[in-house]
2 protein chains.
Amino acid sequence: MASTLEDHSDPGTGASDAGAPVIGEGQKLSLSLWLQLMKCTKEIEAGVGGRLRKVHRQSLARFDVLSQLHRFGGDWAAVGEISSRVMTSSGNITALVDRMVAEDLIERRASPDDRRSHQLRMTGTGRAVFDEMTADHARWVDDALDGIDDVDKQRLIALLIDVRRAFEETKSESHIAQAAPGETR
Amino acid sequence: MASTLEDHSDPGTGASDAGAPVIGEGQKLSLSLWLQLMKCTKEIEAGVGGRLRKVHRQSLARFDVLSQLHRFGGDWAAVGEISSRVMTSSGNITALVDRMVAEDLIERRASPDDRRSHQLRMTGTGRAVFDEMTADHARWVDDALDGIDDVDKQRLIALLIDVRRAFEETKSESHIAQAAPGETR
DNA sequence: TGTAAATATTTTATATATTAATTAAATATC
DNA sequence: GATATTTAATTAATATATAAAATATTTACA
């Protein structure tokens, strides 16, 4: 779902808005960037995800699971490995895997090494479905970004990698003093 | 949830991968950009959304609904207006609104003008919760983007607006020939 | 060795999301 | 004015997501 699709960068004039939330000048730019990032991702995601759903009757979540399994090239992969790579909770991956197993897209077995662990692998059917989805997915994404020239795409990629690195650093810096309710700084 | 968190830009060597999906050279760059866009958004969303959930016991979806209602400054807003602005389905907004009404964050009434339509407004409680969330949200987003300088933020904003505009144009161009299963071009 | 702690996954409860079908009312058209 | 179409929202069925608790197993270590 969309999130924060509101430009808070204008805290308002104050007219008829006595207790308006106070947003600092320095935060406005960050909020505008976050808003654009969110809108851009959600809009394209809705487009590509909607087509994936309509054409292949599969969700982006399932496509992600298959994509990650594909990287293991036919080998078994631990459930935890997949769930962390697709950025979903352990509880969610269990249900997702259940449904994908029921549809014969993937198969699950107990790990031979660690009896706590389970492993996943694509089935032949899963591989076929994945290949079909992959081709369409790549074309749809490329279509969505059609109007952007290669130089701008490369600039964007570099900037987004910077943002992710900066965010990771922020997290690791603040990991000692975990946020208490109401105060983060 | 995360999506497409797999870099398809390398279609592989072909070794032990006979039927590998074919991805054109020109699509690789688009896929890399899409991957970074997705990862960047999802990672920050997980951080900010997780804190919002933990600290304020509210989802980003609810924050979005309150944000949109806030723009109406105390006036009633049509349910459809809100659902389209937060980019969610009519079915979802009904359930979301039900829960928010039950928690006294917002109130709902039949529209006086159009008897098909319903309207929403923040309650005093909702406004108070929104104000608290807004301050934290702005700070968390700013923290997440702490390491990026203002010039790069502005570059990113401009580029993302370009991407959204390009995507909208693509959609309106292809709206006549809607994609049939398996063939989009 | 025995016990505590950590790890991997599942289960449970619930929230959030989609699509399709339904209901009700407004609008268009003849 | 009667009928068909469109519009607005809800309902129903189901998928996807989270957090918290439970289960089972491995690892650490006194």
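Here, every reference points to the structure presented above.
Residues numbered from 1 in each chain as written. Chains lettered and ligands numbered in written order. Predicted model: local features only at pLDDT ≥ 70, side-chain atom pairs only at ≥ 80, totals over all residues. Heavy atoms only, no water.

Participant: How would you sum up the sheet that holds strand 2 (residues 106-110) of chain B? Please name residues and give values.
Facilitator: Residues and elements named next belong to chain B. Strand order in the open sheet made by the three strands is 1-3-2, with antiparallel pairing throughout. A single partner strand is all that each edge strand has here, and the edge strands are strand 1 (77-78) and strand 2. Pairing of strand 2 with strand 3 (residues 118-122), which is carried by five bridges, proceeds in the antiparallel orientation. Counterpart to Ala110 in the pairing with strand 3 is His118. On top of the sheet, helix 2 (residues 60-71) reaches strand 1, strand 2 and strand 3; it is set at about 95° to strand 3, its chief contact. Strands in contact with helix 4 (residues 90-102) are strand 2 and strand 3; relative to strand 2, the strand with the most contacts, it is inclined by about 120°. (Pairing = 2+ DSSP bridges. Helix = DSSP H or I, 4+ residues; strand = E, 2+ residues; numbered from the N terminus. Contact = heavy atoms within 4.5 Å. Axes fitted to C-alpha atoms, helices over the stretch in contact; angles between N-to-C directions.)

Participant: Describe unusual backbone geometry, with residues and values.
Facilitator: Residues and elements named next belong to chain A. In the Ramachandran plot, Arg57 falls in the positive-phi region, its phi being about 55° despite a non-glycine side chain. With respect to the element layout, Arg57 can be found in the loop between helix 1 (25-56) and helix 2 (60-71). Backbone geometry at Met87 places phi at a positive 55°, although glycine is not the residue there. Take Met87: it is sitting in the loop between helix 3 (79-85) and helix 4 (90-102).

Participant: Outline the interface of chain A and chain B, supporting the account with residue identities and numerical values.
Facilitator: On the chain B side, the residues contacting the 85 residues of chain A number 85 residues. Between chain A and chain B, a total of about 8,300 Å² is buried, with carbon and sulfur atoms accounting for 66% of that surface. At the junction of chain A and chain B, the tally comes to four salt bridges. Across the pair Lys42 of chain B and Glu45 of chain A runs a salt bridge whose closest N-O atoms are separated by 3.1 Å. (Buried area = accessible area lost by both parts, 1.4 Å probe. Salt bridge = Lys/Arg side-chain N within 4 Å of Asp/Glu carboxyl O.)

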